[in-house]
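Here is what each chain is made of, one letter per residue.
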Amino acid sequence: MVMLLLKSLFHTYLCILCGCLWVCVLSHSLEWTVEHLSLEGVSDRDLSLFSGGSQSNAITQTWESRFSSQVDDFVSCEDLKGVGSFDTTCRLNSNLYRSSDVYVFGAGNLEILPEIEIVCPIDGCTISFNLSGNIKVGQNAAVVAGTVVFSAASLTMEPNSSLNTSSLGGAPPSQTSGTPVGNDGAGGGHGGRGASCLKTSDSNFWGGDVYSWSTLSDPWAYGSKGGGTSDNHKYGGSGGGRVLLDIKDFLYLNGSVSAEGGDGGSLGGGGSGGSIVIQAKKLRGFGVISAAGGKGWGGGGGGRISLNCYSKQEDVKVTVHGGLSIGCSWNSGAAGTYFDASVLSLRVGNDNFTTETETPLLDFSVSPLWTNVYVENNAKVLVPLLWTRVQVRGQISLYCGSSIIFGLSEFPVSEFELVAEELLISDSVVKVYGAFRVSVKMLLMLNSRIQVDGGGNAEVATSIVEVRNLVVLKDNSVISSNANLALYGQGLLQLSGQGDAIKGQRLSLSLFYNITVGPGSLLQAPLDDDYSRSLVTKSLCESTICPTDLITPPDDCHVNYTLSFTMQICRVEDILVNGVIKGSIIHIHRARTVIVDNDGMITASELGCKTGIGKGNYSKGAGAGAGHGGRGGSGYFNGVLSEGGQRYGSADLPCELGSGTEGLNQSDGYIAGGGLIVIGSRQWPLIRLDNYGFISADGQSCYKQARNSNGTLIGGLGGGSGGTILLFLQALALAENSTLSVLGGYGGSLGGGGGGGGRIHFHWSKIAGGEEYVPFAFVDGAINFSGGAGSGYGRRGEKGTITGKKCPKGLYGTFCTECPIGTYKDDEGSDSSLCKPCSLEHLPTRAKFVYVRGGVTQSSCPYKCISDKYRTPKCYTPFEELIYTFGGPWPFAFLLFCVVMLLALILNALRIKFIGSGCSYDGANSIMHHDDQRSPYLLSLSEVRGAKAEDTQGHVHRMYFMGPNTFREPWHLPYSPPAAIFEIVYEDAFNRFIDEINSVAAFEWWEGSVHSILSVLAYPCAWSWKQWRRRKKIQRLQEFVKSEYDHSCLRSCRSRALYKGMKVGATPDLMVSYIDFFLGGDEKRIDMVTSIQKRFPMRIIFGGDGNYMSPYNLYSDTLLTNLIAQHVPATVWSRLVAGLNAQLRTVRQSSVRTALVRVMDWLTTHGNPQLEFHGVKVQLGWFQVTSSGYYQLGILVLAGGCSLQDLHHSQYVDSCDASSRNLTTSGAQNSSKHPEESQVYTTNLLSRKKISRGFNGGIINEATLKSLGYKRGFLFPFSLLLLNTRPVARQDTIQLLITAMLLADLFVTLLMLFLFYWISLGAFLAVLLILPLSLLSPFLAGLNALFTYGPRRASLARVYALWNASSISNIVVAFMCGMINYVITSVDSPADANVWHSREDDKWWLLPSILMLIKAVQARLVDWNIANLEVIDFSLFTPDPDTFWAYESVS
């Protein structure tokens, strides 16, 4: 029981629940029916978008009155021959044709199968499906009726399916004029007007008018019928019906939804499109929604479509175009309206059907505001109401040949306002009749026009286009007005290129940060017609008063008819002109920069007055030019002279238009003067004007031929005068090829006078003076203000004026530039004569007047030295400043001389105190033995170990090394032993010994490299290095022979055992080295001893090589003295050696041929006569020629009854034939100019015999002397300073003078270095370091030589002399550097009129010249000092032989 009770309760509750669900569904269905099925009885006014909540109340009331009758009209699925139920799913599978309305209500689904048609072909017939489920319309299925209503959760329309109400519209709302009146076959109107073929370009006809504008967002009106062409055909095509799709979710539209107007044919106008309302969450598909007008004689206007879809696919095509007009194909019906209720945007498009019929937009929503308005594809929109405000939140766009017309052409008095974010116009037109105010953020125009027609009514307000961000005109876009036009903005105004223009009767552009006038574009005011030009210039042409609004304009940049300008550009940051700015009176005010590019132009040419104050006269064919800045040229024709127009206006602040000329008759026309260009103002000057193109206000030229009443030619009119260019500027740049022009016009043919030039004035502001001055005008272009040329006997017009603001002190001229250097200006004004020349009295030498920023304002003109190297204020060099510190050149020289002499005396006193006084010749007390005098070399006799006195008896032969002992040609011994030692040596062993000792004598490669480097850097150091290495080489040879070599070449066993058979020695100058061979004591052969005793003739080779550092000298050591003493007393021999050395010291190798003559003469007169008394004779000879041609000089001593005649010829041939050939070859190479001398010498050698004892060489006599070879190196010029002279005595005086010269050398060297350091650092370093420290080393070397005691004094003096000569190279470099600097400064410093006695230091050569002189004097004093040190016995130079030999005992 309990279970049965529970089951019964369950069923009861289930039934109650089902009942509740049914009530809910029924309630919802009835509510939808109230809203939609009763729309048929609701008027357009009740469905107005703007009626707010009243719409639902009206629909509810209407539904309550008709609900009971409509419920009875509901049909079932079976009534429609379908399968199923509308509460579940109903499938309609057969065609249905009805003649009455169909209302379907249910909670289920509906599927209309493919190819099925549901048709109610009665005008205004309704088919309504109100279902809670989904509706699907199959492929090729169709629902046709006057009104089609689908309400469902979703609707799917498959391809080629259709909901069609075209040409089935019922009666339009009452009190509408959609159907045209008359028999002209005009189209019906609805969303757009119907077309009328009566319309022409001069008339304004249309067919049916528009209606239902108030229900734009939810239209529900039928389209109207088209008009007929006769009483028999009263109407054309029917209007379109109505479609309502209320879909809760998805609408898949792949078919078509249409409410198009009917086709009227050629006998009637087309019907207008109906209404389509679609509400859905999402719209998808590729279908078509159309409420287009029908085709007819006059096309019908488009209908109205409203879509309220949250999301829609753009592939769905929506069209509301007007119908095609058969009678006038160029004038189709006007487009209807397509309103997107989801985004509140309106689109009017005509699908590129050309039309001249407008679509009126009667009102615009204020709350809420629409988002966008699109007018496209040849649609034409009319805003006809007065004082209409068109405002949207987004953009207003015009595309593809469309247009918007504000106002009516018959009444151009209204004022229209357009407010949007963006106004985009492409290939379209905006026409305004009246005034137009635009407020947008962005205005973009592409091949489009905005035309404002004020109708010539002065009462029409100024049209204002306010664009906050961007204005761009491109591809022949034009904004024009025949009244006042103003463009305001905060961004960029750009006219992109060719054909872009902004024109107005008066034009004002303001508040933009940049205005760009592109190439080929145009800003123009006034317009080109004469009336417009005369209207705006009339007041200025008749007045001489300068308008204050041009000089001090108002700050608000407004535009009205009371202002003087025709074009104003106000409060714009930057203006770039690549095109043309053209106007009668152009005023650019409160701008920052203006740039006129190469192709740019700002012009008021030929836009001035027709007549004016300076009007040119015209009398009996003689036309005179108009005047302005200059008088017009007089005209002359047939003896009649007509005076030119007068001057007028002010040159200091001109603001007048140029005047013109006018003929007596209107047919003669007129010639206009130039206009007026004002850039900047007194209060707000332009910061910078950069002109690369043209700025002109030229007068007009007359090219028209004038004729009298009988048609013959007479004189033409005169030229117009130039206008005015008034510039309030801070900076100006006129580039090359740019032009600033106010030229007068040319006179007409046959005697017309030229127009006078205009006026140009530069009113500079903020002209800073002094150090704050900055050049503000850079003029490289042309400024033309001349008068125009006359024709025939007509005269040229006078020049105009070009003036500038008065310049402050220091500046002059139109552009207030600084007075020229060397002038000053102490008064205000612009005349160049105010710049007075500066006085030259106080301008120092080597000074010039200098540029002063802002010009010189006082008579004491500033100056500066011509180079920064000079010291102000006197422009002295540092050297001169030093000199003039001590009173000038002569006082300084005297002071320096005193200082030098004082220091010289002090140093000389110190020298005498520390090392004693020098020696002088005073008889016997002054003569010292020759052996005590040390040659001036680094190596003394004690340092070269030679033979001892006890070795004399065992001495066999002295074998000399060959060669100069240099790094290139070191010492070497010849192979094969000489005949003198042939018996005491083994030949093979001797040759091996030669190999070994020659290798020891050779120098290392690095020693020569060091010498080469030092030769370049410091030659005295190179000489010291060579001497040091020579001494080391001698020591090495001595050590080798004494200790290392085993003497295996000697035959003597005792000599080999004791290492005493050979000894190495050298001359003190290290130029000649030799090996002495001695007997060992164990030789047994008697003939050897006999041969050894025959040592004569004996060859003695001179030391030295004939140069300054190593003069020739005969070194006679103890061994030689003892050997000679066998025949000659030692005192005689010593005296001979001393005298011969005194003669040899002056022999130089470079002049050996002449120098040896004196030596041979001395031997003839002094030497041999005394020696012959002892049976001895000496002859000069040359010996030991090497392969390089080097030979050694010496003497040949003949003793023991031996003479030259006693020699056997074979001895000579064997020993000296080869060497003779060597010397002959060398002599030929060095004396190629004397072949006869060589021949004589060779013959002499072969004809004479001499004792050579195995040594190659020859006797030097008068015949052979000329064949001696000699060499002159690149240092030969220095030999003029470095000479070995004879002593001159006065040793203390010479050393005092040397000390003075040494100090003078130091001081002058320091002064010269100081001078060249001033010239340039490079010159200073070159002079100082070309031979490093050669300039300063002589002083140290000189002090060392002067303060050295002992035998090294002469040697150090020669080093001092060598340093002194080397420093001459630095002086030569000083001359070269000074000359180069002088040439460079002469080239770089052209003559300058502002320089008083301007010159560089042309006395730079004085110090090097003085130093060169000091070096030369110093060199000669050193030569004398060395001679005094080396030769103390002056009797050695006596010419009397008896006197010479008188001192034999002390020698």
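For the structure given in this document, a descriptive report is provided here. Just so you know, these numbers come straight off a predicted model, no measurement behind them.

### Here's the deal with the pairing of strand β73 (residues 1073–1078)
For a regular strand, side chains alternate in direction, first toward one face of the sheet and then toward the other.
Step number 1: Counting buried positions along β73 yields 6 of 6 residues, so the element is predominantly enclosed.
Step number 2: Every second residue of β73 is oriented toward a common face, with S1073, I1075 and F1077 on one face and Y1074, D1076 and F1078 on the other, all of them buried.
Step number 3: In this structure, strand β71 (residues 955–960) lies alongside β73, joined through 5 bridges in antiparallel fashion. Each bridged residue has a counterpart across the sheet, and for H955 the counterpart in β73 is F1078.
Step number 4: Bridging between strand β72 (residues 1062–1066) and β73 involves 5 bridges; their strand directions are antiparallel. From the neighbouring strand, G1065 faces β73, where its bridge partner is Y1074.
Step number 5: Hairpin geometry of β72 and β73 is characterised by an intervening segment of 6 residues between the two adjacent antiparallel strands and by a positive phi of about 65 degrees at L1070.

### Here's the deal with the packing of helix α6 (residues 889–915) against helix α18 (residues 1291–1319)
Step number 1: It is the contact of α6 with α18, at a shortest axis distance of 8 Å, that shows an interaxial angle of 135 degrees. One element, α6, and the other, α18, form an angle in the oblique class. Considering the relative orientation of α6 and α18, their crossing is right-handed. In this structure, α6 uses F892, L896, V899, V900, M901, L903, A904, L905, L907, N908 and R911 to contact α18, whose residues at the interface are D1292, Q1295, L1296, T1299, A1300, L1303, A1304, F1307 and L1311.
Step number 2: For the contact of α6 with α18, a count of residues per class yields 15 nonpolar, 3 polar and 2 charged.

### Let's talk about the pairing of strand β11 (residues 154–157)
Step number 1: Where strand β8 (residues 134–137) lies against β11, 4 bridges are found, and the strand directions are parallel. Bridging across to β11, N134 finds its partner in S154.

### Things to note about the pattern of salt bridges
Step number 1: Counted under the stated rule, the structure contains 27 salt bridges.
Step number 2: Residue R91 pairs with E111 through a salt bridge whose shortest N-O separation is 3.4 Å. Of this pair, R91 sits in strand β2 (residues 89–92) while E111 is found in strand β5 (residues 109–112), placing the two residues 20 residues apart along the sequence.
Step number 3: D1423 is the partner of R1420 in a salt bridge, and the nearest nitrogen-oxygen pair spans 3.9 Å. Residue R1420 and its partner D1423 are located together in helix α22 (residues 1406–1430), separated by 3 residues, close to a single helical turn.
Step number 4: Assessed through its relative accessible area of 29%, R1420 is described here as partly exposed.

### Looking at helix α7 (residues 987–1001)
Step number 1: Between its first and last C-alpha atoms α7 spans 21 Å; for 15 residues at 1.5 Å apiece the expected length is 21 Å, and the two agree.
Step number 2: Along α7, the residues classified as buried are A989, F990, N991, F993, I994, I997, N998, V1000 and A1001.
Step number 3: Buried residues belonging to α7 abut β71, α9 (1019–1044), β72 and β73.

### Re the packing of aromatic side chains
The description of two aromatic rings rests on the distance between their centres and on the angle between their planes.
Step number 1: One pass over the structure, following the stated rule, counts 30 aromatic pairs.
Step number 2: Seen in terms of ring centroids, Y876 and Y884 are 4.5 Å apart; in terms of plane orientation they differ by 5 degrees. Their pairing is stacked.
Step number 3: Ring centres of F961 and W971 lie 6.0 Å apart, and the angle between their planes is 35 degrees; this geometry places the pair in the tilted category. Of this pair, F961 sits in the loop between β71 and α7 while W971 sits in the loop between β71 and α7, and the two are 10 residues apart along the sequence. Considered together, F961 and W971 belong to a single accessibility category, that of buried residues.
Step number 4: Site record: aromatic cluster; members linked through ring pairs are F762, W764, Y773, F776 and F815.

### Re unusual backbone geometry
Step number 1: A cis amide bond links S367 to the next residue, P368, at an omega of 0 degrees.
Step number 2: Examined against the element boundaries, P368 turns out to sit in the loop between β22 (359–360) and β23 (372–376).
Step number 3: Put simply, A525 and P526 share a cis peptide bond, and its omega is 5 degrees.
Step number 4: With respect to the element layout, P526 can be found in the loop between β40 (522–525) and α3 (530–541).
Step number 5: Positive phi outside glycine occurs at N140, with the angle close to 65 degrees.
Step number 6: Looking at where N140 falls in the secondary structure, it is placed in the loop between β8 and β9 (142–144).
Step number 7: A relative accessible area of 29% means that N140 is categorised as partly exposed.

### Observations regarding the packing of α18 against α22
Step number 1: Where α18 meets α22, the closest approach of the two axes is 9 Å, and the angle between their N-to-C directions is 155 degrees. With respect to their mutual orientation, α18 and α22 come out roughly antiparallel. Handedness of the crossing formed by α18 with α22: left-handed.
Step number 2: Tallied by class, residues from the contact of α18 with α22 come to 21 nonpolar, 6 polar and 2 charged.

### A few points about a nonpolar patch on the surface
Step number 1: On the surface, a cluster of nonpolar side chains totalling about 770 Å² of accessible area is made up of F886, L895, V899, L902, L903, I906, L910, F914 and F1347.
Step number 2: With respect to the helices and strands, L903 occurs in helix α6.
Step number 3: Classification of L903 as partly exposed rests on a relative accessible area of 31%.

### Some points on the state of the cysteines
Step number 1: Tallied over the entire structure, the rule returns 9 disulfides.
Step number 2: Here C197 pairs with C328 through a disulfide, and the sulfurs are 2.2 Å apart. Disulfide C197-C328: torsion about the S-S bond near -85 degrees, hence left-handed. Of the two residues, C197 is situated in the loop between β12 (162–164) and β13 (242–247) and C328 in the loop between β19 (317–319) and β20 (337–340); the sequence distance between them amounts to 131 residues.
Step number 3: The side chain of C807 participates in a disulfide bridge whose partner is C816; the two sulfur atoms lie 2.1 Å from each other. Taking the torsion about the sulfur-sulfur bond, which here is approximately -95 degrees, the covalent link between C807 and C816 counts as left-handed.
Step number 4: Classification of C807 by relative accessible area gives buried; the value is 1%.
Step number 5: You can call C816 buried: its relative accessible area is 0%.

So, how was this worked out
- Residues numbered from 1 in each chain as written.
- Predicted model: local features only at pLDDT ≥ 70, side-chain atom pairs only at ≥ 80, totals over all residues.
- Heavy atoms only, no water.
- Buried < 20%, exposed > 50% of the residue type's maximum accessible area, 1.4 Å probe, protein only.
- Helix = DSSP H or I, 4+ residues; strand = E, 2+ residues; numbered from the N terminus.
- Pairing = 2+ DSSP bridges.
- Axes fitted to C-alpha atoms, helices over the stretch in contact; angles between N-to-C directions.
- Parallel < 35°, antiparallel > 145°, perpendicular 65-115°, else oblique.
- Left-handed = near helix turned anticlockwise from the far one by under 90°.
- Contact = heavy atoms within 4.5 Å.
- Nonpolar A, V, L, I, M, F, W, Y, C, P; charged D, E, K, R; others polar.
- Salt bridge = Lys/Arg side-chain N within 4 Å of Asp/Glu carboxyl O.
- Expected span 1.5 Å × (residues − 1).
- Phe/Tyr/Trp six-rings, centres within 6.5 Å; stacked < 30°, edge-to-face > 60°.
- Patch = residues over 30% accessible without salt bridge, like charges linked within 9 Å, V, L, I, M, F, W, Y side chains within 5 Å.
- Areas by Shrake-Rupley, 256 points an atom, 1.4 Å probe, with all protein chains shown as cover.
- Disulfide = S-S within 2.5 Å.

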